[in-house]
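As a plain string of letters, each chain reads:
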Amino acid sequence: NAGVMQNPRHLVRRRGQEARLRCSPMKGHSHVYWYRQLPEEGLKFMVYLQKENIIDESGMPKERFSAEFPKEGPSILRIQQVVRGDSAAYFCASSPEIGADGTQYFGPGTRLLVL
Amino acid sequence: AQSVTQLDSHVSVSEGTPVLLRCNYSSSYSPSLFWYVQHPNKGLQLLLKYTSAATLVKGINGFEAEFKKSETSFHLTKPSAHMSDAAEYFCVVTHTGGFKTIFGAGTRLFVKA
């Protein structure tokens, strides 16, 4: 059973470009979470999605950031018109369902560098 | 409201000596508590979790943690540090049945030979 997959592992973008980060949850998991980790900091919750639904996006910046988890395919975190401050590691996690013990399984992360 | 405080940003121990990484939490709900480890440029690996069963929880690689409700603490310990334990450790709280996960700021563990 493959773990949570994220790609790309490293992404370099110039200011103003778009960054698209992908996350495939563990098999059988229908809940996906995105986190951002700035250098020397802990992870900050961004958004929680179930298939085709955004459940909580209270941690998402109001502009330029969006997330989706379509019926088919991976979850996508999209950052439009990137700025240098978007440089960070972005982690995806998945879990089987609410009501479980709260364990989330993390992917290896995508490290975004904005030049 | 939930919060997590990791009391030390850095801890340095000698190989073979005990490890103590401190974590205090606050939660309005019945909490689930976790410790994750992150090696440089890697993802997060679950070390152990407390979810309202036994208060002393054993995890991987010889780590364990004790949930103390009266002290609102969930400190991580290991009897004897190994060089491979050098990493960043995160204490995490959520509430049972919920999804909002709060991470501590992390404690970087250094292990000296």
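Below or above, wherever it landed, is the structure these notes cover. Worth saying up front: this structure is predicted, and the values here are computed from it rather than measured.

A count of helices and strands for chain B gives 0 helices and 12 strands. Counted from the first residue to the last, chain B has its helices and strands arranged as β-β-β-β-β-β-β-β-β-β-β-β. At 13 Å, chain B has a C-alpha radius of gyration in line with the 13 Å of a compact globule built from 113 residues. The principal-axis extents of the C-alpha atoms in chain B amount to approximately 40 × 30 × 20 Å. Expressed as a percentage of its 113 residues, the buried residues of chain B come to 44%.

Each pocket or cavity is described by its volume, and for the largest pocket that value is around 410 Å³. Around the largest pocket, the lining is made up of 22 residues, and of these Gln37(A), Pro39(A), Glu40(A), Arg111(A) and Asn41(B) lie nearest the centre. Elements represented by at least two residues in the lining of the largest pocket include exactly strand 2 (10-13), strand 9 (88-95) and strand 11 (110-114) of chain A together with strand 10 (87-95) of chain B. Looking at the lining of the largest pocket residue by residue, the classes come out as 11 nonpolar, 6 polar and 5 charged.

Residue and element names in this part refer to chain A. What the rule picks out here adds up to 7 salt bridges over all chains. The salt bridge partner of Asp86 is Arg64, with a shortest N-O separation of 2.7 Å. With Asp86 in the loop between strand 8 (75-79) and strand 9 and Arg64 in the loop between strand 6 (53-56) and strand 7 (65-68), this pair connects stretches of sequence that are 22 residues apart. Here Arg64 falls in the partly exposed class, since its relative accessible area comes to 25%. One network of salt bridges, with partners in common, ties together Glu18, Arg20 and Arg78.

This part is about the packing of aromatic side chains. In this structure the tally under the stated criterion is 13 aromatic pairs over all chains. Relative to Phe103(B), the ring of Phe106(A) lies with its centre 5.9 Å away and its plane at 90°, an arrangement referred to as edge-to-face. Taken together, the positions of Phe106(A) in strand 10 (residues 105-106) and Phe103(B) in strand 11 (residues 102-103) put the pair across two chains. With respect to burial, Phe106(A) and Phe103(B) carry one shared label: buried. Each residue in the set Tyr35(A), Phe45(A), Phe106(A), Phe34(B), Tyr36(B), Phe90(B) and Phe103(B) is aromatic and connected to the rest through ring pairs, giving one cluster.

Taken residue by residue, the interface counts 24 residues in chain A and 22 residues in chain B. With both chains or domains summed, chain A and chain B bury close to 1700 Å², and 55% of this area falls on carbon and sulfur atoms. Area buried by chain A at its contact with chain B is led by Leu43(A), Asp101(A) and Phe106(A), which between them contribute 27% of it. Inspection of the chain A/chain B interface yields 0 salt bridges. On the surface where chain A and chain B come into contact, there are 6 residue pairs in polar contact (both at pLDDT 80 or more). Listed by contribution, the elements that provide at least two residues to the side of chain A that touches chain B are strand 4 (31-37) and strand 5 (43-50) of chain A. When its residues are assigned to classes, the side of chain A that touches chain B shows 10 nonpolar, 8 polar and 6 charged.

What counts and how
- Residues numbered from 1 in each chain as written.
- Chains lettered and ligands numbered in written order.
- Predicted model: local features only at pLDDT ≥ 70, side-chain atom pairs only at ≥ 80, totals over all residues.
- Heavy atoms only, no water.
- Helix = DSSP H or I, 4+ residues; strand = E, 2+ residues; numbered from the N terminus.
- Rg over C-alpha atoms; globule rule 2.2 N^0.38 Å.
- Buried < 20%, exposed > 50% of the residue type's maximum accessible area, 1.4 Å probe, protein only.
- 1 Å grid on protein atoms, 1.4 Å probe; cavity = no way out; pocket = protein on both sides within 12 Å on 5 of 7 lines; lining within 4 Å.
- Points joined across faces, edges and corners; volume = space filled by probe spheres on them.
- Nonpolar A, V, L, I, M, F, W, Y, C, P; charged D, E, K, R; others polar.
- Salt bridge = Lys/Arg side-chain N within 4 Å of Asp/Glu carboxyl O.
- Phe/Tyr/Trp six-rings, centres within 6.5 Å; stacked < 30°, edge-to-face > 60°.
- Contact = heavy atoms within 4.5 Å.
- Buried area = accessible area lost by both parts, 1.4 Å probe.
- Polar contact = N/O pair within 3.5 Å; in protein donor to acceptor, adjacent residues only side chain to side chain.

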